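Single-letter residue listing:
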Amino acid sequence: MSQRDFAMMSIKRDVARHGRITTESVRLFKEARLTRHELKEAALRGLEMFEQWKNR
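Residues numbered from 1 in each chain as written. Predicted model: local features only at pLDDT ≥ 70, side-chain atom pairs only at ≥ 80, totals over all residues. Heavy atoms only, no water.

Enquirer: Looking at this structure, I do not really get the overall build of the protein. What am I missing?
Expert: Along its length, the protein carries 3 helices and 0 strands. Taken from N to C terminus, the helices and strands of the protein fall in the order α-α-α. Each of the 56 residues in the protein was classed as buried or not, and the buried ones make up 34%. Taking as baseline every contact in the protein between residues at least 6 positions apart, the subset at least 24 positions apart corresponds to 63%. (Helix = DSSP H or I, 4+ residues; strand = E, 2+ residues; numbered from the N terminus. Buried < 20%, exposed > 50% of the residue type's maximum accessible area, 1.4 Å probe, protein only. Contact = heavy atoms within 4.5 Å.)

As structure tokens, this is what we get:
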């Protein structure tokens, strides 16, 4: 698994867990040199998971 893939997965997990982008997510974003589009994509997927959990 590449560093980019790991960062995307971790950001998605953090957003799904907390409902927002955390400082850890920002650190991963910077370290993996993701684009803003990739950050947005991971955050939206995580937010969808958070909303599903919240509405069950």
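Having seen it, we continue.
Enquirer: In this structure, what is going on with the environment of E48? I would like to understand it.
Expert: Position of E48 among the secondary structure elements: in helix α3 (residues 36–54). Relative accessible area serves as the criterion here: at 52%, E48 is assigned to the exposed category. In the structure, E48 is positioned 16 residues away from A32 in sequence and 23 Å away in space, judged by C-alpha atoms.

Enquirer: Hey, could you run me through α3 in this one?
Expert: Owing to its 3.6 residues per turn, the α-helix aligns residues three or four sequence positions apart on the same side. A rise of 1.5 Å per residue sets the reference length of α3, with its 19 residues, at 27 Å; its end C-alpha atoms lie 26 Å apart and thus fit the reference within 8%. Within the sequence span of α3, burial applies to E38, L39, A42, A43, G46 and F50. Along the long axis of α3, the arc covered by the buried residues comes to 125°, so they all point the same way. Exposed and oriented more than 90 degrees from the buried face of α3 are H37, K40, E48 and Q52. (Expected span 1.5 Å × (residues − 1). Arc of directions from axis to C-beta.)

Enquirer: Where do I start with the packing of helix α1 (residues 3–18) against helix α2 (residues 23–31) in this structure?
Expert: Where α1 meets α2, the axes come as close as 9 Å, and the angle between the chain directions of the two elements is 165°. By the angle between their axes, α1 is roughly antiparallel relative to α2. Taken as a pair, α1 and α2 cross one another with a handedness that is left-handed. Across the interface between the two elements, Q3, F6, A7, S10, I11 and D14 from α1 touch E24, S25, L28, F29 and E31 from α2. (Axes fitted to C-alpha atoms, helices over the stretch in contact; angles between N-to-C directions. Parallel < 35°, antiparallel > 145°, perpendicular 65-115°, else oblique. Left-handed = near helix turned anticlockwise from the far one by under 90°.)

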